[in-house]
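Structure assessment
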Amino acid sequence: MIRDIAAGRLIDGERLPPERDMAEELGISIGTLRKALADLTEKGLLERIQGSGNYIRQGGAHESVYAMFRLELLTGGGLPRADVLNVERMAKPDVLPAFGTSAEGTRIRRLRYLNDVMIAVEEIWLDGDSGFVRRDQLSDSLYRYYQKQLGFWIVRAEDRVTIKEVPAWAPEVFSKAPGTVTGYIERFSWADRPKPVEYSRTWFDTDRAHYVQRLK
């Protein structure tokens, strides 16, 4: 729900289905659902009106760690998670576009999922002057890691969406073989500095996911 609110699939003021219907759809108990709804209420994402229902409130949506994740399952939505393949600090290769202020960067390669459906491989480069990345501290959200561990916030991002061949380093378990043309996203991300602090590229399986951008 946090991801859907941040992505604009659930809009401010929208009334949620009855709790029993939601619990049945999610396959959880009413008690578990109500605890989750209470947590969303504390985060400022939900207003619970006695006798009327539960309503979306977007006051806290800007803090969502999923707000900039634009891939969704073809059926809609999906909760993002990631498996880290490797993390390595090195000199920036010449093939990368210019970003940041250091000649070095940290390269992070990951497999991406939505609701446990593998949908993408990605390679993220963090500028060397932005800090040292420890693999054992990484979570599904790199942006949250940057906030909690490195002390800076990603405030805006620019995406360029096209098609490209899956890279040779993609693991065998990925649904698209290396060399297969598929969806491709390049992203530059900025913190409170003039130059982007992060550059990433994502190859996503167009048979399983699509890129969605919503205007509010």
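Our subject in this report is the structure included herewith. (Residues numbered from 1 in each chain as written. Predicted model: local features only at pLDDT ≥ 70, side-chain atom pairs only at ≥ 80, totals over all residues. Heavy atoms only, no water.)

1. Section: the packing of helix 2 (residues 19-26) against helix 3 (residues 30-42)
- Closest axis-to-axis distance for the helix 2/helix 3 pair is 9 Å, and the angle between their directions is 105 degrees. Between helix 2 and helix 3, the angle falls in the class roughly perpendicular. Residues Glu19, Arg20, Met22, Ala23 and Leu26 of helix 2 pack against Ile30, Leu33, Arg34 and Leu37 of helix 3. (Axes fitted to C-alpha atoms, helices over the stretch in contact; angles between N-to-C directions. Helix = DSSP H or I, 4+ residues; strand = E, 2+ residues; numbered from the N terminus. Parallel < 35°, antiparallel > 145°, perpendicular 65-115°, else oblique. Contact = heavy atoms within 4.5 Å.)

2. Notes on the layout of surface pockets
- Of the pockets and cavities examined, the largest pocket occupies roughly 650 Å³.
- Around the largest pocket, the lining comprises 20 residues; the ones closest to its centre are Met1, Ile2, Asp4, Met22 and Leu26.
- Listing elements by their share of the lining of the largest pocket, those giving two or more residues are helix 1 (2-7), helix 2 and helix 3.
- Looking at which element gives the most residues to the lining of the largest pocket, the answer is helix 3, with 5 residues.
- Among the residues forming the lining of the largest pocket, the class breakdown is 14 nonpolar, no polar and 6 charged. (1 Å grid on protein atoms, 1.4 Å probe; cavity = no way out; pocket = protein on both sides within 12 Å on 5 of 7 lines; lining within 4 Å. Points joined across faces, edges and corners; volume = space filled by probe spheres on them. Nonpolar A, V, L, I, M, F, W, Y, C, P; charged D, E, K, R; others polar.)

3. Looking at helix 2
- All of the buried residues along helix 2 are Glu19, Met22 and Ala23. Buried residues of helix 2 fall within an arc of 100 degrees about the axis and therefore sit on the same side. Residues Arg20, Glu24 and Glu25 are exposed on helix 2 and point more than 90 degrees away from its buried face.
- Summarising the contacts, the buried residues of helix 2 are in contact with helix 3, strand 1 (46-49) and strand 2 (53-56).
- Two residues or fewer after helix 2 comes Gly27, characterised by a positive phi angle close to 70 degrees. (Buried < 20%, exposed > 50% of the residue type's maximum accessible area, 1.4 Å probe, protein only. Arc of directions from axis to C-beta.)

4. Section: the packing of aromatic side chains
- Using the criterion set out here, one finds 7 aromatic pairs in the structure.
- With a centroid separation of 5.8 Å and 85 degrees between ring planes, the pair formed by Trp169 and Trp203 is classed as edge-to-face. Highlighted residues: Trp169 in the loop between strand 7 (156-165) and strand 8 (181-190) and Trp203 in strand 9 (residues 198-204), separated in sequence by 34 residues.
- Aromatic rings pair up to connect Tyr143, Tyr145, Tyr146 and Phe152 into one cluster.
- Looking at Arg89, its charged tip hangs above the ring of Phe132, at a distance of 4.1 Å from the centre.
- Positioned above the aromatic ring of Phe99 is the side chain of Lys92, whose terminal nitrogen or guanidinium carbon lies 4.0 Å from the ring centre. (Phe/Tyr/Trp six-rings, centres within 6.5 Å; stacked < 30°, edge-to-face > 60°. Lys NZ or Arg CZ within 6 Å of the ring centre and 35° of its normal.)

5. Quick notes on the environment of Val173
- Position of Val173 among the secondary structure elements: in the loop between strand 7 and strand 8.
- Linking Val173 and Leu111, residues 62 residues apart in sequence, is a C-alpha distance of 9.6 Å.
- Other than its neighbours up to four places away in sequence, Val173 contacts Leu111 and Met118.

6. Let's talk about unusual backbone geometry
- Even without being glycine, Asn115 reaches a positive phi, approximately 50 degrees.
- Summarising the element assignment, Asn115 is placed in the loop between strand 5 (104-114) and strand 6 (117-127).
- Take Asn115: its relative accessible area is 45%, and that puts it in the partly exposed class.
- Within the chain, Asp116 stands out as a residue other than glycine whose phi angle is a positive 70 degrees.
- Turning to its location among the elements, Asp116 is positioned in the loop between strand 5 and strand 6.

7. Focus on empty space enclosed by the protein
- Tallying each qualifying case throughout the model produces 1 cavity of 30 Å³ or more.
- Of the volumes computed, that of the largest cavity is approximately 400 Å³.
- Along its surface, the largest cavity is lined by 24 residues, and Phe69, Arg110, Arg112, Glu122 and Arg187 are the ones closest to its centre.
- Contributions of two or more residues to the lining of the largest cavity are made by strand 5, strand 6, helix 4 (142-150), strand 8 and strand 9.
- With 4 residues, the single largest contributor to the lining of the largest cavity is strand 9.
- Class assignment of the residues belonging to the lining of the largest cavity gives a composition of 11 nonpolar, 3 polar and 10 charged.

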